[in-house]
Structure formats: structure tokens, C-alpha cells
Amino acid sequence: MNLIYKKLIRPLLFQLDAEHAHDLACRFLKVTEKSSLARKCISLASYAEYQSCNVFGLSFPNSLGLAAGMDKNGTFPKTFSSLGFGHVEIGTITPKAQPGNPKPRLFRYPKYNALVNRMGFNNDGAEAVVSRIAKFYPKEKRSTPLGINIGKGKDTPIEQAHNDYISCLNKCYNQADYITVNISSPNTPNLRELHGKTVITPFLENLIKASRTCAKKHNIAMVPLLLKISPDENYKSLEHIVCSARDIGFSGVIATNTSVSRLKAQNLDSFESGGMSGNPIEAKSVQIIKFLAKLTDYRFPIIGVGGISSVDTAIRKLDAGASLLQIYSSLIYQGPFFPASLNKSLSHRSKFWI
């Protein structure tokens with residue numbers, strides 16, 4: 001199936017503008033999302049003897065998940081589950097709907113198996129997305145955990161950013177299996193200022209306080225909060241950020257988001273501005289995972305993401321200390337059945353966090 005995609009389908013899609021091709025794929029996914037028969041066929045084609053794992057108190061059918069950005073609005077999580085993903089992360093969502101940045105804003109670089117995006121958190125808004133999830137993929141009926149990635153609105157001053165995150169958290173708390181706090185996208189103005197040493201601790205404390213309030217309100221255990229970090233921070237900054245998140249009560253980190261760095265790529269002038277994902281950031285994300293795992297004595301779960309395009313690149317992240325993995329760009333280059341083939345090869349690599 002992967003060969004058919006690479007030889008027949010991908011060349012056709014790559015004739016289209018990257019975002020147009022993405023929208024076309026989304027139309028197909030909407031069809032499969034509504035058809036239980038189609039999803040059953042996909043599940044049969046993706047079947048493997050997966051190894052389950054337990055991370056931050058949640059049970060995952062396997063260690064491979066879908067990174068945020070593909071299903072921004074929670075429109076087709078059941079289809080992605082059928083494709084073999086052990087968890088699906090939707091978003092990034094913001095308190096109100098927003099169109100994102102002007103087009104064009106998504107670019108492919110096949111030579112490097114890379115993408116560059118400057119989407120800008122385009123989404124339907126927290127209320128609409130959570131209502132859709134509650135109706136079509138409610139928490140009590142899912143087969144795989146669902147993460148909801150939250151961010152701030154484009155026009156919200158950075159000094160008031162915590163209000164946007166708390167608003168999203170309040171709206172999605174009862175439907176999320178875990179919540180990712182995204183402070184690391186390079187495509188929302190000033191967002192990465194939240195990594196700052198004097199800002200990060202009170203910001204995270206506000207979110208944990210809001211989480212406790214939500215848990216009490218809904219009479220449930222606290223939903224795990226994860227922090228998605230930038231690959232462009234220096235190690236001293238990362239040490240402060242991650243230790244603060246751990247000590248304040250976050251459940252783990254996602255390492256890493258897209259990068260504005262082009263140091264590992266050639267022909268730098270040919271790359272658009274925005275966040276780069278895919279193979280060029282693979283080595284950097286592994287280095288950061290290894291650093292954070294050793295820093296926290298392998299006791300603070302890490303979801304590794306960035307440049308996973310083969311069994312070897314996946315294993316490098318697991319060996320570095322990642323508990324779970326996520327992919328996005330490799331779906332574009334390897335095809336929709338890549339998760340299943342990768343999972344089959346990784347089935348013996350499962351790790352357990354109690």
C-alpha cells in the first residue's frame with residue numbers, strides 16, 4: 001500500500017499546491033470518518049499485533065501517535081485511529097475561530113523530506129471543536145486516547161496569553177484524555193516569549209491551578225497536561241522550562257515543535273519562512289530528548305516528534321528516552337499506511353510508564 005501511494009498517488013498530489021492537496025486529503029478523510037465500513041476496511045489493512053503501553057496514567061494501544069496540525073478541528077480522529085495510531089492529537093485550537101495566516105502558508109521540500117508551514121493556528125475555535133468531539137468521538141466511546149492541543153489567539157497580547165489557555169482548557173477538559181499546552185509554534189507573534197525565565201513559571205502555575213479547578217468541577221481525576229517545547233531554545237533555557245513544568249505538576253513534555261533554524265539544510269535561501277518539520281530537524285530533536293531524559297532521570301515522560309521517517313529514526317528517539325512518538329510530515333511523504341508498517345516494526349520496542 002505504501003508503494004502504491006509513493007508511485008501513483010503522491011505524484012498526483014504533489015502536482016497541487018501543498019495546502020490544496022491537504023484540503024483534498026481532508027475531504028477524503030471526512031468520507032471515511034462517516035463510514036464505519038470504510039474504517040473497518042482501513043483497520044484490516046492496517047492490522048498488526050501492537051504492543052500497548054501505559055504513559056502518564058493513560059493506556060495506549062501502541063506508542064505511535066498523530067501530531068497536532070493534521071486534524072486541527074477534530075474532524076476525523078476515528079479514521080486516524082483506524083490507520084493504526086495509538087493516540088491522536090488534534091488542534092492547535094484557540095478560544096475563538098481564526099483563519100490563520102495569509103496563503104500560501106504550507107510548503108513541501110521533497111529533497112529533504114521536509115515541510116515548512118506558517119499556518120498560524122487556523123481553527124474553528126474551542127467551542128465548535130469540542131462540541132464536534134463530544135458528539136462524534138466522545139471520551140467514553142473512544143478506542144484510542146485523544147489529546148487536545150491548545151494555544152493563544154493571534155490578536156491576544158502576550159501578557160494576557162494565560163487567559164486564552166485557561167479558556168481553552170475549561171472548554172476541552174471534559175473531553176480530552178490529555179491536553180497539550182503549545183507555547184512553541186513560531187507562527188503566532190511573540191508566542192515563544194512564554195519560554196522566558198521570568199514568565200514560564202507563573203504561566204504554568206496558572207494552568208495547573210485551572211486544571212485542579214476543572215477536575216473538581218467535573219468530579220474527575222486531573223487530566224494530564226503536557227508542554228510542547230521549541231527545538232530552538234538553548235539547553236539552559238530548556239532545563240529551566242522542563243524542570244519548572246515537572247515541579248509544578250505537568251505530566252510530561254512533547255519534544256519538539258517545528259524549527260525556524262535552517263542550519264542543517266542546504267540552499268538556505270530557497271526555504272520559505274515558518275516552522276520546518278521533517279528530516280532536517282530529526283537530529284536536533286533526538287539531542288533534546290536525550291538531554292531532557294537524562295536531566296529528569298528518565299522519570300518525566302517525553303513524546304518524541306520531529307523527523308521520524310523510518311524504523312531507525314523512530315528507534316533513535318526511543319533509545320534517547322522518548323516514551324511515545326508522534327509523526328506528521330512522514331504521512332505526507334510515506335503515505336497513510338506508514339503508521340501501520342512502522343508500528344509492526346516497533347511492536348517489540350514498547351515501554352511502560354506506571
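Predicted, not measured: the structure shown is a model, and the values here were computed from it.

Draft legend 1. The arrangement of the sheet that holds strand S12 (residues 302-305) in detail. Judged by pairing direction, the barrel is parallel, and its 8 strands sit side by side in the order S3-S4-S7-S8-S9-S10-S12-S13 before closing back on the first. Neighbour-to-neighbour, the strand axes of this sheet turn through a mean angle of 25 degrees, independent of strand direction. Here strand S3 (residues 64-66) pairs with strand S13 (residues 324-327) via 3 bridges, running parallel. For Leu66, the partnering residue across the bridge sits in S13 and is Ile327. Most of the contacts of helix H6 (residues 161-172) go to strand S7 (residues 146-150), to which it runs at about 155 degrees, and overall it touches strand S4 (87-93), S7, strand S8 (178-182) and strand S9 (225-229). Sheet contacts for helix H7 (residues 197-218): S8 and S9; angle to S9, the most-contacted strand, approximately 155 degrees.

Draft legend 2. A nonpolar patch on the surface, seen in detail. There is a patch of nonpolar side chains on the surface, built from Met1, Ile4, Leu8 and Ile9 and spanning about 400 Å² of accessible area. Inspection of the secondary structure puts Ile4 in helix H1 (residues 2-13).

Draft legend 3. The arrangement of helix H2 (residues 18-34) in detail. Between its terminal C-alpha atoms H2 stretches 25 Å, which fits the 24 Å expected from 17 residues at 1.5 Å a residue. Every buried residue of H2 is listed here: Ala18, Glu19, Ala21, His22, Cys26, Leu29, Thr32 and Glu33. Along H2, the residues classed as buried sweep out an arc of 145 degrees about the axis, all on the same side. More than 90 degrees from the buried face of H2, the exposed residues found are Arg27, Phe28, Val31 and Lys34. On its buried face, H2 sits against H1, helix H3 (36-45), helix H4 (77-82) and strand S5 (106-109). One side-chain oxygen of the residue at the start of H2 lies 3.0 Å from the amide nitrogen of Glu19, identifying that residue as Asp17.

Draft legend 4. Representation of the nonpolar core within the structure. Phe80, Ile150, Tyr165, Leu227 and Phe250 are the most contacted members of the largest nonpolar core, which has 89 residues in total. Here this core gets 8 residues from one element, more than from any other, and that element is H7. Among the nonpolar cores identified, the runner-up in size contains 8 residues, and Tyr109, Tyr112, Val116 and Met276 belong to it.

Draft legend 5. Spotlight on the sheet that holds strand S11 (residues 275-278). Strand order in the open sheet formed by 3 strands is S5-S6-S11, and the pairing between neighbours is antiparallel. Each edge of the open sheet carries a strand with a single partner, namely S5 and S11. Within this sheet the neighbouring strands show an average axis-to-axis angle of 20 degrees, counted without direction. Here S5 runs beside strand S6 (residues 114-117); their pairing, made up of 4 bridges, is antiparallel. Each residue of the ladder has a partner; that of Leu106, found in S6, is Asn117.

Draft legend 6. The arrangement of the packing of H2 against H3 in detail. It is at 5 Å that the axes of H2 and H3 come closest, and there the two elements cross at 100 degrees. Between H2 and H3, the crossing angle belongs to the class labelled roughly perpendicular. Contacts between H2 and H3 pair Thr32, Glu33 and Lys34 from the former with Ser36, Ala38, Arg39 and Ile42 from the latter.

Draft legend 7. A look at the confidence of the model for the protein chain. On average, the protein chain scores 94 in pLDDT, and the residues at 70 or more come to 96%. Every residue in residues 350-354 is under pLDDT 50, and counting partners more than four places away or in other chains gives 19 contacts.

Draft legend 8. Region of the structure containing the pattern of salt bridges. The full count for this structure, using the stated rule, is 8 salt bridges. With a closest N to O distance of 3.2 Å, Arg118 and Glu272 form a salt bridge. On the criterion of sequence distance, the pair formed by Arg118 in the loop between S6 and helix H5 (126-136) and Glu272 in the loop between strand S10 (252-255) and S11 is long-range, its members being 154 residues apart.

Draft legend 9. A look at the environment of Met276. Examined against the element boundaries, Met276 turns out to sit in strand S11. With relative accessibility at 1%, the residue Met276 sits in the buried group. In this view, Met276 contacts Ala114, Leu115, Val116, Thr258, Ser259, Arg262, Phe271 and Ile281; residues no more than four positions away in its chain are not counted.

Draft legend 10. Layout of the pairing of S12. In S12, alternate side chains face the same way, and those of Ile302 and Gly304 on one face and Ile303 and Val305 on the other are all buried. In this structure, S10 lies alongside S12, joined through 3 bridges in parallel fashion. Directly across from Ile254, in S12, lies its bridge partner Ile303. One ladder, built from 3 bridges, connects S12 with S13; its direction is parallel. Residue pairing for S13: Gly304 is matched across the bridge by Leu325. What joins S12 to S13 is helix H10 (residues 311-320), and the crossover it makes is right-handed.

Draft legend 11. Examining the packing of aromatic side chains more closely. What the rule picks out here adds up to 9 aromatic pairs. Judged by centre distance (6.0 Å) and plane angle (70 degrees), the rings of Phe80 and Phe85 are edge-to-face. We classify Phe85 as buried; its relative accessible area is 1%. Linked through ring pairs, Phe56, Phe60 and Tyr178 together constitute an aromatic cluster. Residue placement shows Arg10 over the ring face of Phe14; its charged tip is 5.7 Å from the ring centre.

Draft legend 12. Summary view of the pairing of S7. Within S7, 5 of the 5 residues are buried, leaving the element largely enclosed by the surrounding structure. Residues Leu146, Ile148 and Ile150 line one face of S7 and the alternating positions Gly147 and Asn149 line the opposite face, and both faces are buried. Where S4 and S7 come together, 5 bridges link them in parallel fashion. Residue pairing in the sheet places Ile93 in a bridge with Ile150 of S7. Of the strand pairs in this sheet, S7 and S8 are connected by 4 bridges, and their pairing is parallel. The partner of Gly147 across the bridge, within S8, is Tyr178. The parallel pair S7 and S8, bridged by H6, forms a crossover whose chirality is right-handed.

Reading guide: rules and limits
Residues numbered from 1 in each chain as written. Predicted model: local features only at pLDDT ≥ 70, side-chain atom pairs only at ≥ 80, totals over all residues. Heavy atoms only, no water. Pairing = 2+ DSSP bridges. Helix = DSSP H or I, 4+ residues; strand = E, 2+ residues; numbered from the N terminus. Axes fitted to C-alpha atoms, helices over the stretch in contact; angles between N-to-C directions. Contact = heavy atoms within 4.5 Å. Patch = residues over 30% accessible without salt bridge, like charges linked within 9 Å, V, L, I, M, F, W, Y side chains within 5 Å. Areas by Shrake-Rupley, 256 points an atom, 1.4 Å probe, with all protein chains shown as cover. Salt bridge = Lys/Arg side-chain N within 4 Å of Asp/Glu carboxyl O. Expected span 1.5 Å × (residues − 1). Buried < 20%, exposed > 50% of the residue type's maximum accessible area, 1.4 Å probe, protein only. Arc of directions from axis to C-beta. Polar contact = N/O pair within 3.5 Å; in protein donor to acceptor, adjacent residues only side chain to side chain. Core = buried A, V, L, I, M, F, W, Y, C linked by side-chain atoms within 4.5 Å. Parallel < 35°, antiparallel > 145°, perpendicular 65-115°, else oblique. pLDDT = per-residue confidence, 0-100. Right-handed = clockwise from strand over helix to strand, strands pointing away. Phe/Tyr/Trp six-rings, centres within 6.5 Å; stacked < 30°, edge-to-face > 60°. Lys NZ or Arg CZ within 6 Å of the ring centre and 35° of its normal.

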